[in-house]
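# Summary of structural features
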Amino acid sequence: MPTLENYSQFEGRYWDTAAIRNALDYQGVKAPHTGEPFTEAMLLGISGGIAFGYFTFHYKGYDPQVNLLTRNTFEPMETIFNRLGMARDVRQTASADKGRQNLLDALEAGYAPVASPDMWLLPYNALPYDAGMWGGMPLVIFGYEPEKGEAYISDRSRVPLIVRTEDLDKARGRIKKEKQRLLLLGHPAEAKLADAVRQGLEDCVRLMTEKPPKGSAKNFGLRAMAHWGDMLEKSSKGSWAREYPTGRPLLAVLISSYTFLGPAFGKTMAAERDVYADFLDEAAAVLGLPALEKVALRYRKAGEAWRGLLGALLPEAVPFLSDVRGNIDRKTDLFVKQGAAQLKEIVACNERIEVAKTASESDFPMTEAEIADLRDEIRTRLNAAREAEEEAVEALKAAIA
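These figures come from a predicted structure and were not determined experimentally.

What follows covers the overall build of the protein chain. Scanning the protein chain for helices and strands turns up 14 helices and eight strands. For 401 residues, the compact-globule estimate of 2.2 N^0.38 gives 21 Å, and the protein chain sits close to it at 22 Å. Taken along its principal axes, the extent of the C-alpha atoms in the protein chain is 65 × 50 × 35 Å. A buried classification covers 54% of the 401 residues belonging to the protein chain. Taking as baseline every contact in the protein chain between residues at least 6 positions apart, the subset at least 24 positions apart corresponds to 70%.

If you want it as structure tokens, here you go:
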């Protein structure tokens, strides 16, 4: 039957790099410099490494959001494939029946196929259906059993995720550009690894210090960190004091900032600076460049500053905010460790967060002065992270010059 035998690859943390890492591992691919499976850290580094991005979204009918990027998001998967010279077989069709058959054929052939179904239609994500919201994030489908009506997925959790085949079918068919799409991955070209690592290092420096490939420069890199600091300090248009002075808007952006910066969105508590340091240690061996090991220490130090910033967004010293943080952390931990086994409690965490948002509309338990102090503390932590980031990227730039 079409379920991969002895599939046990559930190590990845972030969608793009996790899906590639797990698929390659199952298919027996080994990294030439270690003889072990490719690490997610190595794939992160090759994709362009870490970054920073600051974006705000105000859509009618939805809570405002502050979204924070911690890694290069400019086509990271294609970048990995191209730099490693990795062959991939793309199978896509508008037909649900053909898409199902493509999946069965891939599994029968021993591939760990990568797909990007709509995350809103996968029940284990506990996202309420919204006709105006959709998004596909990469994952591995390692089993599809029509007779049982079950499909088996590897997606950030450390355990298998089981969904109904009809739910997976619908999710695979919802997003037009990803409709019924599968990626079957081939082997990387070993001779390309060193160049792939070098290019990834150069990307990281560029995106943190230079104009981005597209978009506004103030939204990316060190300049974006300075811009966010300005928005925390000032009272002009776009500032937190004007846009999110108190109540539900403030709570919403604190939640979205905390979510996008940390483990709830597949990151680490150190904004992935610790993962990037692991990459630098590997890169030092691949390139014969021991100076990168010293740079790795700087990124580990920067990671501690990012931890402080993450904690300042929903501080434990404010019980109301600490309770919200606790629910975000709890549902994240439950999903990672137990998958959908604790789905009822994950949903309950989401409900408690929504109750807090509603309560904040009429009774936000902080004075204007306390909220100003909160913004100041976030800005202080942000400045510390920026200083550490500047030191780290300058050291990286010098090491690869």
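Because an α-helix completes one turn every 3.6 residues, residues spaced three or four positions apart along the sequence face the same direction. The first and last C-alpha atoms of helix α7 (residues 221-233) sit 19 Å apart over 13 residues, in line with the 18 Å expected at 1.5 Å per residue. Within α7 the residues assigned to the buried category are G221, L222, A224, M225, H227, W228, G229, M231 and L232. Tucked into the core, α7 has its buried residues touching β1 (50-57), β2 (65-71), α6 (193-209), α8 (240-243), α11 (291-313) and α14 (368-400).

What follows concerns the packing of aromatic side chains. The description of an aromatic ring pair uses the distance of the two centres, along with the angle that the planes make with each other. Following the criterion strictly, the structure yields 21 aromatic pairs and no others. Ring geometry for Y14 against W15: centres 5.3 Å apart, planes inclined by 80°, an arrangement best described as edge-to-face. No difference in accessibility class separates Y14 from W15, as the two residues are buried. Note on Y276 and F279: the rings are 5.3 Å apart at their centroids and 40° apart in plane angle, and the pair reads as tilted. Note that Y276 and F279 are positioned in helix α10 (residues 273-287) at a spacing of three residues, about one turn of the helix. Each of the two residues, Y276 as well as F279, counts as buried. Here the aromatic residues F52, Y54, W228, W240, Y244 and W306 are joined through ring pairs into a cluster of three or more. Here the basic side chain of R71 rests over the ring of Y14, its NZ or CZ set 4.0 Å away from the ring centre.

Moving on, we come to the packing of helix α4 (residues 96-108) against helix α5 (residues 165-174). Running from N to C, α4 and α5 point in directions that differ by 110°, and their axes come no closer than 11 Å. With respect to each other, α4 and α5 are oriented roughly perpendicular. The hand of the α4/α5 crossing is right-handed. Contacts between α4 and α5 pair G99, R100 and L103 from the former with L168, D169 and R172 from the latter. Looking at the contact of α4 with α5, its residues break down into two nonpolar, one polar and three charged.

Bringing the layout of surface pockets into the picture now. Each pocket or cavity is described by its volume, and for the second largest pocket that value is around 190 Å³. Sorting elements by how many residues they give to the lining of the second largest pocket places helix α2 (residues 40-47) first, with three residues.

We now examine the nonpolar core. Within the largest apolar cluster, 115 residues are counted, with the highest numbers of intra-cluster contacts made by W228, W240, L280, Y299, I378 and L396. Ignoring sequence-local partners within four residues, the contact set of W228 consists of F52, Y54, L68, W240, L309, L313, I378 and L382. Judged by nonpolar contacts, the second largest core, of five residues, contains Y14, W15, W120 and M137.

So, about the pattern of salt bridges. Scanning the entire structure with this criterion turns up 31 salt bridges. D329 is the partner of R325 in a salt bridge, and the nearest nitrogen-oxygen pair spans 3.8 Å. Linking R325 with D329, this pair stays in helix α12 (residues 319-338), spanning four residues, or about one helical turn. Salt bridges linked by common partners bring D63, R248, E354, K357 and E361 together as one network.

With respect to the element layout, R21 can be found in helix α1 (residues 15-26). There is a polar contact of 3.2 Å between the side chain of R21 and the side chain of N22.

Once that is clear, we can look at the pairing of strand β5 (residues 139-145). Extensive coverage of β5 is indicated by the burial of seven of its seven residues. Across two bridges, strand β4 (residues 114-115) lies against β5 in antiparallel orientation. Counterpart to A115 in the pairing with β5 is L139. Two elements, β5 and strand β6 (residues 150-154), share five bridges in a ladder whose sense is antiparallel. Counterpart to Y144 in the pairing with β6 is A151. Taking the residues that link successive antiparallel strands as the turn, the β5-β6 hairpin has four residues, and the phi of G149 there is positive, at about 70°.

This brings us to empty space enclosed by the protein. A probe as big as a water molecule, rolled over the atoms, marks out the empty space that is left. In total, this model carries two cavities of 30 Å³ or more according to the counting rule given. By volume, the largest cavity amounts to about 40 Å³. If you trace the largest cavity, you find it lined by G12, W15, A18, A19, N22, P138, L139, V140, S154, D155 and R156. For the lining of the largest cavity, the elements supplying multiple residues, two or more each, are α1 and β5. Classifying every residue of the lining of the largest cavity by side-chain character gives six nonpolar, three polar and two charged. Each pocket or cavity is described by its volume, and for the second largest cavity that value is around 40 Å³.

Criteria and cut-off values
- Residues numbered from 1 in each chain as written.
- Predicted model: local features only at pLDDT ≥ 70, side-chain atom pairs only at ≥ 80, totals over all residues.
- Heavy atoms only, no water.
- Helix = DSSP H or I, 4+ residues; strand = E, 2+ residues; numbered from the N terminus.
- Rg over C-alpha atoms; globule rule 2.2 N^0.38 Å.
- Buried < 20%, exposed > 50% of the residue type's maximum accessible area, 1.4 Å probe, protein only.
- Contact = heavy atoms within 4.5 Å.
- Expected span 1.5 Å × (residues − 1).
- Phe/Tyr/Trp six-rings, centres within 6.5 Å; stacked < 30°, edge-to-face > 60°.
- Lys NZ or Arg CZ within 6 Å of the ring centre and 35° of its normal.
- Axes fitted to C-alpha atoms, helices over the stretch in contact; angles between N-to-C directions.
- Parallel < 35°, antiparallel > 145°, perpendicular 65-115°, else oblique.
- Left-handed = near helix turned anticlockwise from the far one by under 90°.
- Nonpolar A, V, L, I, M, F, W, Y, C, P; charged D, E, K, R; others polar.
- 1 Å grid on protein atoms, 1.4 Å probe; cavity = no way out; pocket = protein on both sides within 12 Å on 5 of 7 lines; lining within 4 Å.
- Points joined across faces, edges and corners; volume = space filled by probe spheres on them.
- Core = buried A, V, L, I, M, F, W, Y, C linked by side-chain atoms within 4.5 Å.
- Salt bridge = Lys/Arg side-chain N within 4 Å of Asp/Glu carboxyl O.
- Polar contact = N/O pair within 3.5 Å; in protein donor to acceptor, adjacent residues only side chain to side chain.
- Pairing = 2+ DSSP bridges.

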